[in-house]
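Analysis of the macromolecular model
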Amino acid sequence: AARAKGVETLRKIYHGRHEQINQEARRLFRQYYSSPFFMFGLALYWAEGTKSLHNSRVSFTNTDACMLRLMLQWFRAFLGYDVGSMSAHLLLHIGHASREQEIRTYWQQELGILASAFRKTWWVRVPWKREYENDMTYHGVLTLRVRQSKNSLRMIRTWLDCLRESPQVVVT
């Protein structure tokens, strides 16, 4: 009985904290709504970011350095994160194994990521169906993950709910 009561107390605490995050997110959405940069970044996150609470952290995946740079600016402007609070996860085709360090260096230079931010590379081992005119333009897929960002993920999910509910946006 005591254990059940303790679990119920923790559930209420977590629910209360989640409700606070939800209310703060709705307030911030109203504040940021008129910012094209906020709306643009939120739409990009909707398309390419992690939404599942199972993952429990903010992450964004893409192959385009310009888009990843833009999202780094968005994370800093609207969530207060900088590149130092992120880890980088690289997905590469096994045919580019000999270029792994070169590709990491490319992302470091493009995004200002420290070498220590990179985690173990994930390898794709299936045959390629796409032909590249110049294999040297291949830089893999990069995922940026914000460490300890579950509450920020809840905030983004609420912002996405607000976007869906917005009278100017028709989502069916």
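As shown above, the structure is provided for reference.
First, a word on scope: everything that follows refers to the structure included in this document. (Residues numbered from 1 in each chain as written. Predicted model: local features only at pLDDT ≥ 70, side-chain atom pairs only at ≥ 80, totals over all residues. Heavy atoms only, no water.)

So, the pattern of salt bridges
To keep things clear, this is the line we draw: What makes a salt bridge here is a side-chain nitrogen of Lys or Arg within 4 Å of a carboxyl oxygen of Asp or Glu, nothing more. Helix numbers and strand numbers start at the N terminus; a helix is a DSSP run of H or I with at least 4 residues, a strand a run of E with at least 2. Here's how the labels work: a residue is buried when its accessible area is under 20% of the maximum for its type, exposed when over 50%, partly exposed in between, all with a 1.4 Å probe on protein chains only.
Following the criterion strictly, the structure yields 6 salt bridges and no others. A salt bridge links E165 to R26; its shortest N-O distance comes to 3.2 Å. On the criterion of sequence distance, the pair formed by E165 in helix 5 (residues 150-165) and R26 in helix 1 (residues 2-32) is long-range, its members being 139 residues apart. Its relative accessible area of 52% is what places E165 among the exposed residues. Overall, R26 belongs to the partly exposed group, its relative accessible area being 26%. Here E110 makes a salt bridge to R69, at a shortest N to O gap of 2.8 Å. Here the residue E110 occupies a position in helix 4 (residues 100-111), and R69 occupies one in helix 3 (residues 65-79), the gap between them amounting to 41 residues. Assessed through its relative accessible area of 30%, E110 is described here as partly exposed.

Some remarks on the packing of aromatic side chains
Counted only if it meets this: Centres within 6.5 Å make a pair out of two Phe, Tyr or Trp rings, where for Trp the six-membered ring is used; the pair is then stacked when the planes are under 30 degrees apart, edge-to-face when over 60, and tilted otherwise.
Scanning the model with the defined rule gives 14 aromatic pairs in all. On the basis of an interplanar angle of 55 degrees and a centroid distance of 5.3 Å, the ring pair of F29 and Y33 is categorised as tilted. For Y33, a relative accessible area of 29% corresponds to the partly exposed category. Ring geometry for W74 versus W159: centroids 6.0 Å apart, planes at 85 degrees, classification edge-to-face. Linking W74 in helix 3 with W159 in helix 5, this pair joins segments that are 85 residues apart in sequence. With a relative accessible area of 0%, W159 lands in the buried category. Joined through ring pairs, the aromatic side chains of F29, Y32, Y33, F37, F38, Y45, W74, F75, F78 and W159 make up one cluster.

Some words on unusual backbone geometry
Phi angles above zero are rare outside glycine, and Q148 is one such case at about 50 degrees. With respect to the secondary-structure elements, Q148 resides in the loop between strand 4 (141-146) and helix 5.

Remarks on the pairing of strand 2 (residues 86-93)
The test is simple: Two strands qualify as a pair provided DSSP detects at least 2 bridges between them.
Across the 8 residues that make up strand 2, a large majority, 7, are buried. Inspection of the sheet shows strand 2 paired to strand 4 by 6 bridges, in the antiparallel sense. Each bridged residue has a counterpart across the sheet, and for M86 the counterpart in strand 4 is V146. With 3 bridges connecting them, strand 2 and strand 3 (residues 122-124) associate as parallel partners. Note on strand 3: the bridge partner recorded for H93 is V124.

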